Amino acid sequence: MAETKAGSYVAQDGSYERKTRYIETRITRDGEDGFAVEPGRYRLVVSRACPWAHRAILTRMLLGLDDVLSMGVCGPVHDQDSWTFDLDPGGVDPVLGIPKLKDAYDARPGGMTESGVTVPAIVDTTTGQVVTNDFHQIVKDLVTEWTDHQGATAPDLWPEDLRVEIEKMSDLNYREVNNGVYRCGFAGSQEAYDDAYDRLFARLAVLEEHLASRRYLVGDQLTLADVRLWPTLVRFDAAYHGHFKCNLRKLTEMPVLWAYARDLWQTWDFGSTVDLEHVKAHYYATHLDINPTGIVPKGPDTSGWEEPHGRDSLGPR
Ligand SMILES: N[C@@H](CCC(=O)N[C@@H](CS)C(=O)NCC(=O)O)C(=O)O
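Note that the structure is predicted; figures quoted are calculated from it, not measured.

Enquirer: Before we go on, may I ask you to explain the environment of Ala202 in this structure?
Expert: As for its placement among the helices and strands, Ala202 is situated in helix H6 (residues 190–210). Residue classification places Ala202 among the partly exposed residues on the basis of a relative accessible area of 44%. Taking the C-alpha atoms as reference points, Ala202 and Val177, separated by 25 residues in sequence, lie 9.6 Å from one another.

Written out as structure tokens, the structure is:
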């Protein structure tokens, strides 16, 4: 097996605490932080493995921003140093001309920040510097600051009258589900794992009931609440059920959430943004303190994603 320099992820003292330091510079319509919205100027750098990057990929796709905000895709496995552009010819991002995402972080005035080299990140192609890696704000700004460049049929993912409810729903889902799976997987004690596991499946049970009579999480339209939850659902059986020991049920054994997830995959083309081979390669081969052999599972069978979802009767697209 190849030698690796993967980091250690399991919490040493019980409960997993996520690092939430970000570069908070914003790209806005008026450019108040020095970075104005400008077609063709910025590059969104992602890994298709990462659920936080997935939110940005989905939002960019839904809003029709593909032609104005280009995207660089890193390979699924990173080491302690950096994500790399190993999928590209010569191992170099064709727009940024760099082999490692770290190079764009180092190019910032003041150099590397405490946030570490994370995806998603937006890089200014004119200077080669990372502008932001604050995934919460990146997604909101794509919705609210890039409106002049969005496609004619772009859905309103963050309608003013639903924002309070969307944020409340998303906060709960983030704590118990999106980050809850990590709290299971990286727990450093049995108690911490048991607690995270119980809370995760309690929240999924609430969502299973909530979505039984409505097509979307908030209101009767697709919103950021759905965009934020979905990346965790799509990774559930391939990564979290096994690797993170979230194994009370698979997604495919929660009939409402499974149909809801398939609906978005099919109806809104979320499926076109997914690479489950990258997801599996990332989780199983990067977190070697959980999976020391680095062996990546062959399954699960993913053919079910194209099965009819039967949710049209719950409301319009
Ligand atoms: N660090 C941010 C989110 C972004 C993030 O964690 N991205 C992961 C991939 S899913 C990453 O880039 N990890 C690289 C590293 O931590 O070295 C947070 O925890 O809120």
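Having seen it, we continue.
Enquirer: Explain the sheet that holds strand S4 (residues 129–132) here, please?
Expert: Across a sheet, strands are paired by hydrogen bonds formed along the backbone, either parallel or antiparallel in direction. With respect to topology, four strands assemble into an open sheet ordered S2-S1-S3-S4, the strand pairing being mixed. Two strands bound the open sheet, and with one partner strand each, they are strand S2 (70–74) and S4. Going across the sheet, the axis of each strand differs from the next one's by a mean of 35°, ignoring polarity. Taken together, the five bridges between strand S1 (residues 42–47) and S2 define a ladder with parallel strand orientation. When the bridges of S2 are listed, Val46 appears paired with Val73.

Enquirer: Can you walk me through the packing of H6 against helix H7 (residues 224–240) in this structure?
Expert: Think of two packed helices as two axes; the pair is described by the angle between the axes and how far apart they sit. Between H6 and H7, the shortest axis-to-axis distance is 14 Å and the interhelical angle comes to 110°. One finds that H6 runs roughly perpendicular with respect to H7. In this structure, H6 crosses over H7, and the sense of that crossing is left-handed. On H7, the residues that touch Leu200, Phe201, Leu204 and Leu207 of H6 are Leu229, Leu233 and Phe236. Taken together, the residues that form the contact of H6 with H7 break down as seven nonpolar, no polar and no charged.

Enquirer: Please explain the domain arrangement of the chain as it appears in this structure.
Expert: One widely used convention gives an interface's size as the accessible area the parts lose upon coming together. If you check the domain split of the chain, you get domain 1 (42–149) and domain 2 (160–314). One C-alpha centre belongs to domain 1, the other to domain 2; they are set 23 Å apart. Taken residue by residue, the interface counts 23 residues in domain 1 and 29 residues in domain 2. The largest share of the area that domain 1 buries against domain 2 comes from Arg48, His54 and Arg55, three residues that together contribute 26% of it. Where domain 1 meets domain 2, there are zero salt bridges. Seen at the junction of domain 1 and domain 2, the total is nine residue pairs in polar contact (both at pLDDT 80 or more). Among the elements of the structure, helix H1 (51–62) and helix H3 (135–144) are those that each provide at least two residues to the side of domain 1 that touches domain 2. Broken down by element, the side of domain 1 that touches domain 2 gets its largest block of residues, nine residues, from H1. When grouped by side-chain class, the residues that make up the side of domain 1 that touches domain 2 number 15 nonpolar, five polar and three charged.

Enquirer: What's the story with the packing of aromatic side chains in this structure? I'm lost.
Expert: Given two aromatic rings, their pairing is described by the distance between the two centres and the angle made by the two planes. Taken as a whole and judged by the stated rule, the model has 24 aromatic pairs. Centre to centre, the rings of Tyr193 and Tyr197 are 5.6 Å apart; their planes meet at 45°, and the pair counts as tilted. With a gap of four residues between them, Tyr193 and Tyr197 both fall in helix H6, about one helical turn apart. Assessed through its relative accessible area of 16%, Tyr193 is described here as buried.

Enquirer: Could you clarify how one ought to interpret the site of the ligand in this entry?
Expert: Lining the immediate environment of the ligand, one finds 13 residues, of which Arg18, Lys19, Tyr22, Cys50 and Trp83 sit closest. Within the side chain of Trp83, an N or O atom sits 2.9 Å from an oxygen atom of the ligand. Val119 has a polar backbone atom sitting 3.0 Å from a nitrogen atom of the ligand.

What counts, and where the lines are drawn
Residues numbered from 1 in each chain as written. Predicted model: local features only at pLDDT ≥ 70, side-chain atom pairs only at ≥ 80, totals over all residues. Heavy atoms only, no water. Helix = DSSP H or I, 4+ residues; strand = E, 2+ residues; numbered from the N terminus. Buried < 20%, exposed > 50% of the residue type's maximum accessible area, 1.4 Å probe, protein only. Pairing = 2+ DSSP bridges. Axes fitted to C-alpha atoms, helices over the stretch in contact; angles between N-to-C directions. Parallel < 35°, antiparallel > 145°, perpendicular 65-115°, else oblique. Left-handed = near helix turned anticlockwise from the far one by under 90°. Contact = heavy atoms within 4.5 Å. Nonpolar A, V, L, I, M, F, W, Y, C, P; charged D, E, K, R; others polar. Domains from an automatic or database assignment. Buried area = accessible area lost by both parts, 1.4 Å probe. Salt bridge = Lys/Arg side-chain N within 4 Å of Asp/Glu carboxyl O. Polar contact = N/O pair within 3.5 Å; in protein donor to acceptor, adjacent residues only side chain to side chain. Phe/Tyr/Trp six-rings, centres within 6.5 Å; stacked < 30°, edge-to-face > 60°. Near = heavy atom within 4 Å.

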